[in-house]
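The primary structure of each chain is shown beneath.
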Amino acid sequence: MNDPRAVHFGIRLCISLAIPFLLGVSGVRLLLSEQFLQFEYRRPGFPADVYGFSVEDRLHYGAHAINYLFNAEPINYLAALRLAGEKCWNPAAGATDCALFSERELRHMADVKRTTAVAFALAAVCAVVGVAITFASRFNEGLRAHIVVAIRRGCNLTLLSVAFLAVLSRAAWDRAFDAFHGLFFAEGSWRFPFSDSLIRLYPEQLFIDAALLLAIYVSLCAVSLLCFLSLWDRRARRQI
């Protein structure tokens, strides 16, 4: 027979770890959008493309790459994209080449799509399990108390993680950026010349801004959850 204490410990641990993961994935989903690209490309101070992409070009091509991550299309969806008119020039190749993305860029985008699909599938599983546990807690007051404790710990873990990553990124952004990519992609597969389309569409500043906005979003969500739990506790005490 299962030990209830072990079961409750497992539930608390899973929920505590799922909270920062779910908040992070939801924030990433918001950033992987045309709206975020609009905000970035049009904001004052965002670096222009020295090789000639206009804001409209970036919005057009950048949106296609974002859409590819969430549609059911194969990599041919991106391979078919071509540069138009006078922009039909690949500075890295030193010759006319109307393909928007090189073979290396296409392989990397395929890797990104696979990684994204795994992350969102795992998040969906966590969300479904979380809903099931929450539903079960309606009939088990003790389980409900464990869930509340787990959510609170998960929020605190989220805030500590954000603070740690903020300090790490501030101290050594390049190393943190490299380490992040190294977790998910083969060594060197995500490094490209500045003249490649992926770098022109998604320069380093975009990732810096995305990391900042993600940290703010995740922190606000965690703080909001903690405030909600505090109000819940106060209401429960008044009813005793």
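About the thresholds
- Residues numbered from 1 in each chain as written.
- Predicted model: local features only at pLDDT ≥ 70, side-chain atom pairs only at ≥ 80, totals over all residues.
- Heavy atoms only, no water.
- Helix = DSSP H or I, 4+ residues; strand = E, 2+ residues; numbered from the N terminus.
- Rg over C-alpha atoms; globule rule 2.2 N^0.38 Å.
- Buried < 20%, exposed > 50% of the residue type's maximum accessible area, 1.4 Å probe, protein only.
- Areas by Shrake-Rupley, 256 points an atom, 1.4 Å probe, with all protein chains shown as cover.
- Lys, Arg positive; Asp, Glu negative; His and termini not counted.
- Charge placed at Lys NZ, Arg CZ, Asp CG, Glu CD.
- Salt bridge = Lys/Arg side-chain N within 4 Å of Asp/Glu carboxyl O.
- Arc of directions from axis to C-beta.
- Core = buried A, V, L, I, M, F, W, Y, C linked by side-chain atoms within 4.5 Å.
- Contact = heavy atoms within 4.5 Å.
- Expected span 1.5 Å × (residues − 1).

**Q** Describe the overall build of the chain, with residues and values.
**A** The secondary structure content of the chain amounts to nine helices and zero strands. The order of helices and strands in the chain, counted from the N terminus, is α-α-α-α-α-α-α-α-α. On C-alpha atoms alone, the chain measures out to a radius of gyration of 22 Å, which is more than a quarter above the 18 Å that the 2.2 N^0.38 rule sets for 240 residues. Taking the principal axes of the C-alpha coordinates as reference, the chain spans close to 75 × 40 × 30 Å. Expressed as a percentage of the 240 residues in the chain, the buried residues total 34%. As presented, the chain carries roughly 14700 Å² of accessible surface, and 66% of it is formed by carbon and sulfur atoms. Mean positive and mean negative side-chain charge positions of the chain (24 and 20 charges, respectively) differ by 13 Å.

**Q** Residues and numbers for the pattern of salt bridges, please.
**A** A pair can form between side chains of opposite charge whenever their charged atoms are brought close. Taken as a whole, this structure holds four salt bridges when the rule is applied. Among the charged side chains, a network of salt bridges with common partners joins Glu-40, Arg-43 and Asp-209.

**Q** Lay out helix α2 (residues 34-42) in plain terms, naming residues and giving numbers.
**A** Burial in α2 covers these residues: Phe-36, Leu-37, Glu-40 and Tyr-41. One face of α2 carries all of its buried residues, which in axial projection span an arc of 120°.

**Q** For the nonpolar core, give the residues involved together with the corresponding values.
**A** Of all hydrophobic cores here, the largest spans 32 residues; its most connected members are Tyr-41, Phe-101 and Tyr-202. The set of elements that each furnish at least two residues to this core consists of α2, α3 (55-70), α5 (103-137), α7 (173-184), α8 (197-201) and α9 (204-239). Sort the elements by how many residues they give to this core and α3 lands first, with six residues. The contact partners of Phe-101, leaving out residues within four places of it in the chain, are Ala-65, Leu-78, Leu-81, Leu-106, Ser-197, Leu-198 and Leu-201.

**Q** Before we move on, can you summarise α7 with the specific residues and values?
**A** With twelve residues, α7 extends 17 Å between its outermost C-alpha atoms, agreeing within 8% with the 16 Å of an ideal straight helix rising 1.5 Å per residue. Looking at α7, one finds that the buried residues are Trp-173, Ala-176, Phe-177 and His-181. In a view along the axis of α7, the buried residues occupy a sector of 130°, so they form one face of it. Looking at α7, the residues exposed on the side facing more than 90 degrees away from the buried face are Asp-174, Arg-175 and Leu-183.

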